[in-house]
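Fold and contact review
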Amino acid sequence: MRLSWALVHSRQPEDVQRGIAMLEASLANVSSGPLQKREKLYLLAVGYYRSCDYPRSRQLVEQCLEIAPDWRQALTLRKTVEDRIAKDGMIGIGLTATVVGVLVAGIAAALARK
């Protein structure tokens, strides 16, 4: 568990991916108890968050909260993930509006020349 924790918190993307792979393999182990499963799900959610896979991170943190609904770390991570998804959505909307504006301006300029 310590190695997985260190890997998903690493600044190196390859290490984060290695940590995710290790945790997914160990999560397949049916013999782990609910507390171990909670920890692994949380670390996987952190790994996916750090890999910018926010929907997968949110899904895993929700599974974690099904096991421990009052766990502050998971609640904080869920809020962080949801804020990031909302921020990325706003950036996407802004980019789309900019592209549409540029296209409309280009079409208007082309029509004005005729």
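To keep things clear, this report deals only with the structure shown in the data block. Remember, it's a predicted structure, so these values are computed and weren't measured experimentally. (Residues numbered from 1 in each chain as written. Predicted model: local features only at pLDDT ≥ 70, side-chain atom pairs only at ≥ 80, totals over all residues. Heavy atoms only, no water.)

Side note on the pattern of salt bridges
Within the structure shown, the criterion is met by three salt bridges. In this structure, the salt-bridge partner of Arg 78 is Glu 62, at a minimum N-O distance of 3.5 Å. Within this pair, whereas Arg 78 is found in helix H5 (residues 72-113), its partner Glu 62 is found in helix H4 (residues 54-67), the two being separated by 16 residues in sequence. Ionic pairing is found between Lys 79 and Asp 83, a salt bridge with its closest N-O pair at 3.1 Å. Note that Lys 79 and Asp 83 are positioned in helix H5 at a spacing of four residues, about one turn of the helix. The exposure class assigned to Asp 83 is partly exposed, which follows from its relative accessible area of 41%. (Salt bridge = Lys/Arg side-chain N within 4 Å of Asp/Glu carboxyl O. Helix = DSSP H or I, 4+ residues; strand = E, 2+ residues; numbered from the N terminus. Buried < 20%, exposed > 50% of the residue type's maximum accessible area, 1.4 Å probe, protein only.)

Details of the side chain of Ser 10
Mapped onto the secondary structure, Ser 10 falls in the loop between helix H1 (2-8) and helix H2 (13-27). There is a polar contact of 3.1 Å between the side chain of Ser 10 and the side chain of Asp 15. When near neighbours in sequence (up to four residues on either side) are disregarded, Ser 10 contacts Asp 15, Val 16 and Arg 50. (Polar contact = N/O pair within 3.5 Å; in protein donor to acceptor, adjacent residues only side chain to side chain. Contact = heavy atoms within 4.5 Å.)

Some words on the packing of aromatic side chains
Following the criterion strictly, the structure yields two aromatic pairs and no others. Pairing Tyr 49 with Tyr 54 gives two aromatic rings, centres 5.3 Å apart and planes at 55°, and the pair type is tilted. Using a relative accessible area of 22% as the deciding quantity, one classes Tyr 49 as partly exposed. Over the face of the ring belonging to Trp 71 we find Arg 38, whose NZ or CZ atom lies 4.0 Å from the ring centre. (Phe/Tyr/Trp six-rings, centres within 6.5 Å; stacked < 30°, edge-to-face > 60°. Lys NZ or Arg CZ within 6 Å of the ring centre and 35° of its normal.)

Re the nonpolar core
Core analysis: the largest hydrophobic core is formed by 21 residues, its most contacted members being Tyr 42, Leu 44, Leu 60, Cys 64, Trp 71, Ala 74 and Leu 77. If you list the elements that add at least two residues to this core, you get H2, helix H3 (34-50), H4 and H5. (Core = buried A, V, L, I, M, F, W, Y, C linked by side-chain atoms within 4.5 Å.)

Considerations on H3
Between its first and last C-alpha, H3 extends 24 Å over 17 residues, near the 24 Å set by a 1.5 Å rise per residue. Listing the buried residues of H3 in full gives Arg 38, Lys 40, Leu 41, Tyr 42, Leu 43, Leu 44, Ala 45, Val 46, Gly 47 and Tyr 48. (Expected span 1.5 Å × (residues − 1).)

Re the packing of H3 against H4
Remark: H3 packs on H4, axes separated minimally by 8 Å, with the N-to-C direction vectors making an angle of 160°. Accordingly, the angle class assigned to the pair H3 and H4 is roughly antiparallel. Regarding H3 and H4, the two cross each other, and that crossing is left-handed. Packed against H3, whose contacting residues are Pro 34, Lys 37, Arg 38, Leu 41, Tyr 42, Leu 44, Ala 45, Tyr 48 and Tyr 49, the element H4 presents Tyr 54, Arg 56, Ser 57, Leu 60, Val 61, Gln 63, Cys 64 and Ile 67 at the interface. (Axes fitted to C-alpha atoms, helices over the stretch in contact; angles between N-to-C directions. Parallel < 35°, antiparallel > 145°, perpendicular 65-115°, else oblique. Left-handed = near helix turned anticlockwise from the far one by under 90°.)

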